[in-house]
Amino acid sequence: MKTGIVGYKGSGKSTLFEWLTGTKADPSLAHGTQSAMAAVPEPRVAALCEIYKPKKVTMASLEIVDTPGLARDQQGNPARLAQLREVDCLLCVVPVFEGSDLQKELQAFEEDLMLADLELVMNRIERVKGPQKRNLSKAENDKLAYELETLEIVQAAMESGKPLREDELSEDQQKVTRAFRLMSEKPRMVIVNTADDATDHESYQAFSTEKCPVAAVSVRLENDLAAMSPEERAAFLEEMGLTASDRDKILKMLLDASGQMLFMTAGDKEVRTWLVRKNGTAIEAAAEIHTDMAKGFIRAEIMKCDDLIRLGGERAVKAENLVRREPKDYVIQDGDVILFHFSG
């Protein structure tokens with residue numbers, strides 16, 4: 001699953017990319033995309049390592065993609081946005097360090113994305129209307145008629161200024177729209193890029209919604225701080241009277257906004273975290289590890305990470321009858337440490 005960083009030119013996208021991934025932005029890719037991985041923090045892994053003493057520790061990572069900056073006059077934006085259609089989640093960067101109005105910036109940005117989607121939908125509607133006039137089978141005509149009906153619903157929603165992700169579509173209708181990878185459908189998070197000396201980060205929380213969390217970060221400052229030693233960083237922040245942003249917290253927020261969560265596997269060979277979609281099942285989690293594990297799935301043995309840490313190991317957890325055996329449709333929960341049994 002990919003997360004695309006998107007914003008207007010000069011918003012601080014590439015600096016945010018560097019801060020989140022630790023990878024320098026490549027100027028030669030300014031008109032294309034650049035991707036890198038960012039490990040998702042899970043504080044409980046350290047305690048599991050104390051228990052298992054593993055030979056290896058592996059953290060799940062988010063793929064972050066830096067994309068070309070959008071033009072405020074929209075010239076050239078269709079080509080830039082085309083590169084964004086392949087990502088699954090949007091991380092929108094909105095600068096406020098020049099006294100801009102965040103509400104207006106968010107609205108303008110949303111409108112630009114929706115206009116790009118609307119153009120795509122309207123073009124498809126025109127194409128769908130054409131073939132229905134030709135001699136097609138009833139099944140083909142019915143399929144095209146349903147697609148047309150769905151796209152007209154989407155068009156009406158967009159023309160009313162309502163993002164598609166907030167609209168009610170059936171599963172069958174979502175199958176129609178999914179092929180277009182519309183911006184309005186993608187989950188998202190907003191980073192408010194503030195001035196280096198900003199101290200009002202908490203005030204921007206008022207703009208957060210359940211569907212679109214907002215976090216304020218002095219992106220350039222944080223990227224500079226990341227290059228300092230812990231001692232230098234602490235001294236600098238104290239001298240300037242500033243508080244650093246928590247990169248781990250931002251990544252956890254992004255994980256949540258993208259509709260994913262972590263589960264864990266643990267043993268003396270390796271302690272590892274894995275990504276699975278929220279409300280994902282045991283068989284989906286098994287497939288994240290290996291497709292053969294999902295194909296031969298027998299059961300999942302579930303322990304809670306907190307129980308392992310509290311009791312000090314598997315033996316004590318089993319003695320307390322806290323190990324559960326779950327079928328393939330079990331819904332993964334936060335803190336699950338899983339051992340999969342499978343044939344193959």
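Let me begin by describing the structure that accompanies this report. (Residues numbered from 1 in each chain as written. Predicted model: local features only at pLDDT ≥ 70, side-chain atom pairs only at ≥ 80, totals over all residues. Heavy atoms only, no water.)

Remarks on the nonpolar core
General note: in soluble globular proteins, nonpolar side chains tend to be found buried as a group.
Turning to step 1, where the next piece is worked out: Ranked by size, the top nonpolar core spans 27 residues in total, and within it Leu16, Leu91, Met189, Ile191 and Ile250 carry the most contacts.
Turning to step 2, where the next piece is worked out: Contributing elements (two or more residues each) for this core: helix H1 (13-21), strand S2 (34-39), strand S4 (61-66), strand S5 (89-95), strand S6 (188-193), strand S7 (214-217) and helix H9 (247-257).
Turning to step 3, where the next piece is worked out: The dominant element in this core, judged by the number of residues it contributes, is H9, at six residues.
Turning to step 4, where the next piece is worked out: The residues touching Met189, leaving out its near neighbours within four places in the chain, are Leu90, Leu91, Cys92, Cys212, Pro213, Ala215, Ile250, Met253, Leu254 and Ala257.
Turning to step 5, where the next piece is worked out: Among the nonpolar cores identified, the runner-up in size contains 22 residues, and Val65, Cys92, Val94 and Val214 belong to it. (Core = buried A, V, L, I, M, F, W, Y, C linked by side-chain atoms within 4.5 Å. Buried < 20%, exposed > 50% of the residue type's maximum accessible area, 1.4 Å probe, protein only. Helix = DSSP H or I, 4+ residues; strand = E, 2+ residues; numbered from the N terminus. Contact = heavy atoms within 4.5 Å.)

Topic: the side chain of Ser184
Turning to step 1, where the next piece is worked out: Inspection of the secondary structure assignment puts Ser184 in the loop between helix H6 (171-178) and S6.
Turning to step 2, where the next piece is worked out: The class for Ser184 is buried, based on a relative accessible area of 1%.
Turning to step 3, where the next piece is worked out: For Ser184, the side chain forms a polar contact with the side chain of Asp117, separated by 2.5 Å. (Polar contact = N/O pair within 3.5 Å; in protein donor to acceptor, adjacent residues only side chain to side chain.)

Points about the sheet that holds S4
Turning to step 1, where the next piece is worked out: Ordered by their spatial adjacency, six strands build an open sheet running S2-S4-S1-S5-S6-S7, and the pairing between neighbours is mixed. The strands lining the two open edges of the sheet, one partner per strand, are S2 and S7. For this sheet the average axis-to-axis angle between neighbouring strands, irrespective of direction, equals 25°.
Turning to step 2, where the next piece is worked out: In terms of strand pairing, strand S1 (residues 2-6) meets S5 through four bridges, oriented parallel. Bridge assignment links Val6 to a residue of S5, and that residue is Cys92.
Turning to step 3, where the next piece is worked out: Each of S1, S2, S4, S5, S6 and S7 is contacted by H9, which is oriented at about 150° to S6, the strand it contacts most. (Pairing = 2+ DSSP bridges. Axes fitted to C-alpha atoms, helices over the stretch in contact; angles between N-to-C directions.)

Observations concerning the pairing of S6
Turning to step 1, where the next piece is worked out: Among the six residues in S6, six count as buried, and that is most of the element.
Turning to step 2, where the next piece is worked out: Of the two faces of S6, the one carrying Arg188, Val190 and Val192 and the one carrying Met189, Ile191 and Asn193 are both buried.
Turning to step 3, where the next piece is worked out: Direction of pairing for S5 relative to S6: parallel, over a ladder of six bridges. Opposite Pro95, over in S6, you have Asn193 as the bridge partner.
Turning to step 4, where the next piece is worked out: Strand direction decides the pairing type here: S6 and S7, joined by four bridges, are parallel. Its bridge partner lying in S7, Val190 is registered against Val214.

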